[in-house]
Amino acid sequence: MSAASSIRKPVVLVPACNRQLGEHPFHVAGKKYIDAVRLAGCQPLVVPSVEADEIEALLDMADGMLLTGSPANVHPRHFGEGVHDASLPLDPLRDDSTLPLIPRALERGIPLFAICRGFQETNVALGGSLHQAVQEVPGHDDHRGPGDAPADAVYALAHPVDVVPGGTLAAIVGADRIEVNSVHGQGVNRLAQGLRVEARAPDGLIEAFSKPDAKAFNLCVQWHPEWRAANNPVSVQLFKAFGAACQDFHDQRLRDRHRTPQHEPDR
């Protein structure tokens, strides 16, 4: 094996969703997210439901974490509300895994990129709340994609977002407005304390935020940059920025490890 081929890429944790297929429960992660992690130059590691005593060991392996979108919503009990529409899917096992993982990853300085459900659960994990049905909130548009359309139509560019100057997103994309897709029924209501708005939709809905006092790169977006990411210049910029942060974290861990004195055995 050549030296180049033996170099480990940064490992990005991808927490799985939970699905019932027939009589059997499965952990699943969309291939488009795995492909996007590889586009970022990293190695994806799909993570099943996490027990409380497994969190630190998992984060010890991580150079980054990607929180994916999902058909399932965050259970509203996590922000003090009852279920508004019982016909919509929930994933309490994912809630139980990701909501404790998110603050610990940020505390440890592990780069974080969160998409759609991941964007929403990050806000909830840090103390914020959600609109359970954005389309029913006065002054807000309907941000859901077309119901039974082909995927290319569902994930087509739907509206612009205005990028807030001076933030993480602005530094990555170098523009004050970008076009995004829109495939969500829920959205940020109360932004958690300490988070910074990075972009808004034309109706004022928050479309991106970050935690500026975190130790490392973090960005949460409501749209789906992973959809045909390699063909979208903005998506490429986002995943490359995330990948660079994961590489920096990985390299720093190696430097720290080499600086740590090794125990000499007794003679």
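Numbering of residues starts from 1 in each chain and follows the order in which that chain's sequence is written. In view of the model being predicted, local features appear only for residues whose pLDDT reaches at least 70, and side-chain atom pairs are presented and counted only at 80 or more, with totals across whole chains, interfaces and linings using the full set of residues. Only hydrogens and water are set aside when side-chain values are computed; all heavy atoms of the structure are taken into account.

(A) Just the overall build of the protein, in detail. Along its length, the protein carries 7 helices and 13 strands. In terms of overall dimensions, the protein is globule-like: its C-alpha atoms have a radius of gyration of 19 Å, near the 18 Å expected for 267 residues. Across its three principal directions, the C-alpha atoms of the protein cover 75 × 45 × 35 Å. The contact criterion used throughout is that any non-hydrogen atoms of two residues lie within 4.5 Å. Looking at the protein alone, contacts between residues at least 24 apart form 70% of all its contacts between residues at least 6 apart. About 13,000 Å² of surface is accessible on the protein, with carbon and sulfur atoms providing 54% of the total. Counting rule applied: Lys, Arg positive; Asp, Glu negative; His and chain ends not counted. Charge positions come from single atoms, namely NZ of Lys, CZ of Arg, CG of Asp or CD of Glu. Charge-centre separation for the protein: the mean point of 25 positive side chains lies 6 Å from the mean point of 33 negative side chains. We count a stretch as a helix when DSSP gives it H or I for four or more residues in a row; a strand needs E for two or more, and each element gets its number in order from the N terminus. For the radius of gyration, the atom set is restricted to C-alpha positions; the globular benchmark scales as 2.2 Å times the number of residues to the power 0.38. Only the protein chains shown count as cover for residues, with accessible areas throughout obtained via the Shrake-Rupley method and a probe of 1.4 Å.

(B) Expanded view of the side chain of Ser70. Along the chain, Ser70 turns up in the loop between β5 (64–67) and α3 (92–107). A polar contact is formed between the side chain of Ser70 and the backbone nitrogen of Ala72, at a distance of 3.0 Å. With residues near it in sequence (within four places) discarded, Ser70 still touches Cys17, Arg19, Arg94 and Arg117. Polar contact is defined as a pair of N or O atoms within 3.5 Å, subject to the rule that within protein one atom must be able to donate a hydrogen and the other to accept it, and that residues adjacent in sequence are counted only when both atoms are side-chain atoms.

(C) The arrangement of the packing of α3 against helix α4 (residues 117–125) in detail. Fitting a line to C-alpha atoms yields each axis, with helices limited to the stretch in contact; the angle taken between N-to-C directions then spans 0 to 180 degrees. Between α3 and α4, the least distance of the axes is 9 Å, while the angle of their chain directions is 65°. Where α3 crosses over α4, the handedness of that crossing is right-handed. Along the contact surface, α3 presents Arg94, Asp95, Thr98, Leu99, Ile102 and Pro103, while α4 presents Arg117, Gly118, Glu121, Thr122, Val124 and Ala125. Looking at the contact of α3 with α4 residue by residue, the class counts come to 5 nonpolar, 3 polar and 4 charged. Each helix crossing is assigned a hand: it is left-handed if the near helix lies turned anticlockwise from the far helix by less than a right angle, otherwise right-handed if that turn is clockwise. Three classes are used: nonpolar for Ala, Val, Leu, Ile, Met, Phe, Trp, Tyr, Cys and Pro, charged for Asp, Glu, Lys and Arg, and polar for all others, with Gly counted as polar.

(D) Here's a closer look at the nonpolar core. To form a nonpolar core, buried Ala, Val, Leu, Ile, Met, Phe, Trp, Tyr and Cys residues must be joined to one another through side-chain atoms within 4.5 Å. Remark: exposure states derive from per-residue accessible area (1.4 Å probe, protein chains only) relative to the maximum for the residue type, with buried under 20%, exposed over 50%, and partly exposed in between. Formed by 33 residues in total, the largest nonpolar core has its most connected members in Leu66, Leu169, Trp223 and Leu238. Contributions of two or more residues to this core are made by β1 (11–15), α1 (31–39), β6 (112–115), β8 (159–163), α6 (168–173), β9 (177–180), β13 (218–221) and α7 (233–259). Counting residues per element, this core draws most heavily on α7, at 6 residues. Not counting the four nearest positions on each side in its chain, Leu169 is found in contact with Val163, Gly174, Glu198, Ala199, Ala208, Leu219, Trp223 and Leu238. Counting 26 residues, the second-largest nonpolar core is a separate cluster that includes Ile55, Ala105, Val188 and Phe209.

(E) Focus on the environment of Ile206. Along the chain, Ile206 turns up in strand β12 (residues 206–210). Apart from residues no more than four positions distant in its own chain, Ile206 is found in contact with Phe119, Val188, Leu191, Val197, Ala199, Arg200 and Gln222.

(F) Examining α4 more closely. Extensive coverage of α4 is indicated by the burial of 8 of its 9 residues. Considered for burial, the residues of α4 that qualify are Arg117, Gly118, Phe119, Gln120, Glu121, Thr122, Asn123 and Val124.

(G) Focus on the pairing of β6. On β6, burial covers both faces: Leu112 and Ala114 on one face and Phe113 and Ile115 on the other are all buried. One requirement defines pairing of two strands: DSSP has to find at least two bridges between them. Judged from the 3 bridges that link them, β5 and β6 form a sheet pairing that is parallel. Directly across from Leu67, in β6, lies its bridge partner Ala114. The β-α-β motif built from β5, the intervening α3 and the parallel element β6 has right-handed crossover chirality. Alignment of β6 against β13, held across 4 bridges, turns out to be parallel. In the sheet register, Leu112 faces β13, and the bridge partner there is Asn218. Handedness of a crossover: with both strands directed away from the viewer, a clockwise path from the first strand across the helix to the second marks it as right-handed.

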